[in-house]
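# Per-entry structural report
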Amino acid sequence: MSRVYASFEAFRIAVAALRANTARGVLTTLGIIIGIVAVVTTMTAANGLANNFRESVSVLGTDVLYVSRVPWVFQGRFFQFRNRPNLELKDSDKLARQLGSSVVVNPTDDTRRPVKYLSEVVQNANIIGTTDKHMLVSSAVPESGRFLTAYDVRFKRRVCVLGATMHEQLFGEVDPINKKIKIGRAEFRVIGVMEKQGSAGFFGGPDFDSQIFIPVTSFVKEFGSRNRSFAFAVKAPPGTDVEDFEYELVGEMRKIRRLAPNEEDNFAINKMDSLLDAFNNVMGIVLMIGMAVTGISLFVGGVGVMNIMFVSVTERTREIGIRKAIGAKRRAILQQFLLESSMICLVGGALGVALSFGVAIAIDRFVLPAAVSLPIVVIALTVSVAVGVISGFIPAWRASRLHPIDALHYE
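Residues numbered from 1 in each chain as written. Predicted model: local features only at pLDDT ≥ 70, side-chain atom pairs only at ≥ 80, totals over all residues. Heavy atoms only, no water.

### Some details on the packing of helix α9 (residues 272-315) against helix α11 (residues 330-366)
The interhelical angle for the contact between α9 and α11, taken along N-to-C directions, is 140°, at an axis separation of 11 Å. Relative to α11, α9 is oriented oblique. When the axes of α9 and α11 are compared, the crossing they make is right-handed. Residues Val305, Met309, Ser312 and Val313 of α9 touch α11, and the partners they reach there are Phe337, Glu340, Ser341, Ile344 and Cys345. (Axes fitted to C-alpha atoms, helices over the stretch in contact; angles between N-to-C directions. Helix = DSSP H or I, 4+ residues; strand = E, 2+ residues; numbered from the N terminus. Parallel < 35°, antiparallel > 145°, perpendicular 65-115°, else oblique. Left-handed = near helix turned anticlockwise from the far one by under 90°. Contact = heavy atoms within 4.5 Å.)

In structure tokens, the structure reads:
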């Protein structure tokens with residue numbers, strides 16, 4: 001019970017000391033406020049970016065494998081892949097026949113072309129040649145109108161489906177269905193608009209909302225297939241283990257490419273996991289850099305708190321002597337000053353968290369979805385208290401070691 005009372009008394013004295021030096025305490029917390037704002041903002045932005053990226057790439061599907069000439073993510077130089085032969089459109093037909101009717105194979109290719117509607121022009125729009133099977137390998141659906149059909153692909157129809165951003169840039173609030181746009185020199189009729197999907201462009205990947213989908217046959221007719229390499233999205237049959245299916249897919253592709261047993265694969269099998277792994281690696285580095293910068297801010301703030309605590313100990317030397325003379329133990333003095341430094345930092349941390357809510361709102365509104373979560377708040381306040389304890393320990397230790405006679409004679 002005596003320890004509880006001693007702790008309460010130390011807390012009361014620490015509060016009284018802070019109230020007596022309010023202006024100094026506020027100035028001392030500035031470094032902690034800046035550091036906590038930096039910590040919370042870094043964690044909030046990283047968390048928002050991670051959620052946005054995962055939500056965007058989820059459209060690719062966890063049970064879909066992507067065959068391409070070169071891997072999405074690779075280490076080393078690109079020249080090691082430059083001599084690989086292109087994947088041709090006819091290869092997708094062969095692959096579909098070899099894998100069977102239960103497997104969906106969707107060939108795609110893309111190019112950049114200017115797109116025009118009346119006076120509105122979008123330069124370097126991302127044009128995707130695909131088929132009606134795109135709807136089977138992707139979770140995205142049209143928000144209005146319809147997607148491409150097998151009829152559109154078979155008869156090379158000049159129809160297109162707009163991404164959400166392309167709709168906004170070309171048409172604004174106007175309904176684009178059945179209106180005609182020019183893609184390069186060719187005229188296409190808009191038959192649908194895709195729902196908003198977001199971007200996986202953190203690694204130079206696609207901005208799904210800035211794409212325009214046209215039949216792959218029309219794509220070849222208008223933009224040619226020479227020197228082009230298609231990519232194949234292959235959806236595993238229901239109930240099939242994706243890793244087992246990947247081995248089967250590799251074997252069938254090796255047959256199509258006519259590779260000898262001792263020859264290396266001259267194609268790549270890509271999965272969503274590869275993007276997520278690369279993203280996590282990059283985000284790990286970004287967080288390390290961010291935390292290093294915020295660590296410097298907190299270190300500077302901690303040094304400021306330590307200096308103020310040294311000043312406080314010096315100013316209250318006689319008070320410490322009196323308390324010791326009437327029986328206060330070293331532990332009580334140590335506890336008093338640690339509580340004082342911790343409270344200074346806790347107040348700074350709380351103010352920093354409050355400011356971080358405003359920063360998070362700005363990030364959420366203008367950059368990407370973000371919000372300050374409870375775990376981030378807990379971490380920020382814990383860091384604040386930890387900085388207070390570490391910064392105040394040496395001054396508190398020095399105060400607790402003062403001899404009462406020397407302290408009473410201090411002028």
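### Thoughts on the environment of Ile181
The topology assignment puts Ile181 in strand β6 (residues 180-183). When the C-alpha positions of Ile181 and Tyr117 are compared, they lie 4.9 Å apart, and in sequence the two are 64 residues distant. Dropping the residues within four chain positions of it, Ile181 is found in contact with Val115, Lys116, Tyr117, Cys160, Leu162, Phe171, Ala186, Glu187, Phe188, Val190 and Ile212.

### Focus on a nonpolar patch on the surface
A cluster of nonpolar side chains, contributed by Ile296, Phe299, Val300 and Val303, occupies part of the molecular surface with about 410 Å² of accessible area. Among the structural elements, Val300 can be located in helix α9. A relative accessible area of 53% means that Val300 is categorised as exposed. (Patch = residues over 30% accessible without salt bridge, like charges linked within 9 Å, V, L, I, M, F, W, Y side chains within 5 Å. Areas by Shrake-Rupley, 256 points an atom, 1.4 Å probe, with all protein chains shown as cover. Salt bridge = Lys/Arg side-chain N within 4 Å of Asp/Glu carboxyl O. Buried < 20%, exposed > 50% of the residue type's maximum accessible area, 1.4 Å probe, protein only.)

### Comments concerning unusual backbone geometry
Of note in the backbone geometry, Asn124 takes a positive phi value of approximately 55° without being a glycine. Position of Asn124 among the secondary structure elements: in strand β3 (residues 120-130). The phi torsion at Asn178 lies on the positive side, around 70°, for a residue other than glycine. Relative to the helices and strands, Asn178 is located in the loop between α6 (164-171) and β6.

### Description of the packing of aromatic side chains
Overall, the coordinates contain five aromatic pairs when judged by the stated rule. When the ring of Tyr117 is compared with that of Phe171, the centres are 4.2 Å apart and the planes differ by 35°; the resulting orientation is tilted. Placement of Tyr117 in strand β2 (residues 104-117) and of Phe171 in helix α6 is noted, with a sequence separation of 54 residues between them. Residue class for Tyr117 comes out buried when judged on its relative accessible area of 15%. On the numbers, 6.1 Å between centres and 20° between planes, the contact of Phe393 with Trp397 is stacked. With Phe393 and Trp397 both in helix α12 (residues 374-400) and four residues apart, the pair spans about one turn of that helix. (Phe/Tyr/Trp six-rings, centres within 6.5 Å; stacked < 30°, edge-to-face > 60°.)

### Brief notes about the environment of Phe245
Mapped onto the elements of the fold, Phe245 is located in helix α8 (residues 242-256). Measuring from C-alpha to C-alpha, the distance between Phe245 and Asp63 comes to 9.6 Å, with 182 residues separating the pair along the chain.

### Describing the packing of α11 against α12
Two elements in contact, α11 and α12, have axes separated by 7 Å at closest approach and are oriented at 150°. Between α11 and α12, the angle falls in the class roughly antiparallel. The crossing of α11 and α12 is right-handed. Looking at the contact of α11 with α12 residue by residue, the class counts come to 19 nonpolar, seven polar and one charged. (Nonpolar A, V, L, I, M, F, W, Y, C, P; charged D, E, K, R; others polar.)

### Overview of the nonpolar core
With 25 residues, the main nonpolar core has Ile36, Val40 and Phe337 as its most contacted residues. If you list the elements that add at least two residues to this core, you get α2 (22-57), α9, α11 and α12. Per-element accounting of this core gives the leading share, eight residues, to α11. In this structure Ile36 touches Leu298, Gly349, Gly352, Val353, Ser356, Ala380, Val383 and Ser384, once residues within four positions along its chain are discounted. Ranked by size, the runner-up nonpolar core spans 21 residues in total, among them Val105, Phe232, Val234 and Val250. (Core = buried A, V, L, I, M, F, W, Y, C linked by side-chain atoms within 4.5 Å.)

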